[in-house]
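In case you want the letters, here they are:
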Amino acid sequence: RAAPAMLVAAGRAPLWEPSLYFGMPMAGSMQGGLFYPATIFYYLFGFATATALFQIMHLFTAGWLCALWLRSCRLSWGASLGGAVLFAFGGVMIARLPFLNHLATLAWAPALALFFRRPIALTLTLTLMVLAGYPTFIPGCAAVAWVAAYAARTKRWSWWASALDWAKACLLSGVLAAAQLL
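Structure report, in brief. (Residues numbered from 1 in each chain as written. Predicted model: local features only at pLDDT ≥ 70, side-chain atom pairs only at ≥ 80, totals over all residues. Heavy atoms only, no water.)

### Regarding the side chain of T105
Logical step 1: Its place among the elements puts T105 in helix α6 (residues 100-107).
Logical step 2: The exposure class assigned to T105 is buried, which follows from its relative accessible area of 0%. (Helix = DSSP H or I, 4+ residues; strand = E, 2+ residues; numbered from the N terminus. Buried < 20%, exposed > 50% of the residue type's maximum accessible area, 1.4 Å probe, protein only.)

Put into structure tokens, the structure is as follows:
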């Protein structure tokens, strides 16, 4: 995360990463999250401050999205906030604090359930997860778990309609994240 910021501060475009595989395009290093919006902290602050802000923002985002998802399941605000605190400050998230790309991807995981039936919001969530730098970490497992949960929860749920919505969201997400993926 710091390498592109150092190049920009030196007046150079963050195009080449010399320390990976005898050199490669910096955008080709997915884990660097060059196009992820929260990487802006590294352009504005020193490494320690930027990392702290990055971590705090993602812990807050994880808790906030989890609370919104739990409220959408008709839980009380107290239960929703309790679940959000447990998710944001539980072992899974805290163990990922040193791994910024894991943390950023995992922070958006509750949005997969929250936006389960909203293809545009789901597309933006999937795009942020890809741009965060570790797209294969959580989305697949989370999608399977939440698809099963929603299938068991509602009688009017359609596998075909949901699969079609998710396919559209994944395709559009691929288009939006093309700069990173290509």
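### Side note on helix α4 (residues 77-88)
Logical step 1: The end-to-end C-alpha distance of α4, which contains twelve residues, comes to 16 Å, matching closely the 16 Å that a straight helix rising 1.5 Å per residue would cover.
Logical step 2: Those residues of α4 not exposed but buried are S80, A84 and A88. End-on, the buried residues of α4 take up no more than an arc of 60 degrees, which puts them together on one face. When the buried face of α4 is taken as reference, the exposed residues oriented beyond 90 degrees from it are G78 and L86.
Logical step 3: Contact partners of the buried residues in α4: α3 (47-72) and α5 (91-95). (Expected span 1.5 Å × (residues − 1). Arc of directions from axis to C-beta. Contact = heavy atoms within 4.5 Å.)

### Side note on the state of the cysteines
Defined simply, a disulfide is a covalent bond joining two cysteines at their sulfur atoms.
Logical step 1: Considering all chains together, one arrives at zero disulfides under this definition.
Logical step 2: C66 provides the cysteine sulfur closest to C73, a residue in no disulfide bond, and the two sulfurs are 9.4 Å apart.
Logical step 3: In this structure C73 comes out as partly exposed when scored by relative accessible area, which is 23%. (Disulfide = S-S within 2.5 Å.)

### Some points on the packing of α3 against α6
Logical step 1: It is the contact of α3 with α6, at a shortest axis distance of 8 Å, that shows an interaxial angle of 25 degrees. As judged from the angle between their axes, α3 and α6 are roughly parallel. Here α3 and α6 pass one another in a crossing that is left-handed. On the side of α3, the interface is formed by T51, F54, Q55, H58, L59, T61, A62 and L65, while α6 contributes L100, L103, A104 and A107.
Logical step 2: When its residues are assigned to classes, the contact of α3 with α6 shows eight nonpolar, four polar and no charged. (Axes fitted to C-alpha atoms, helices over the stretch in contact; angles between N-to-C directions. Parallel < 35°, antiparallel > 145°, perpendicular 65-115°, else oblique. Left-handed = near helix turned anticlockwise from the far one by under 90°. Nonpolar A, V, L, I, M, F, W, Y, C, P; charged D, E, K, R; others polar.)

The values are spatial; any link to function lies outside them.
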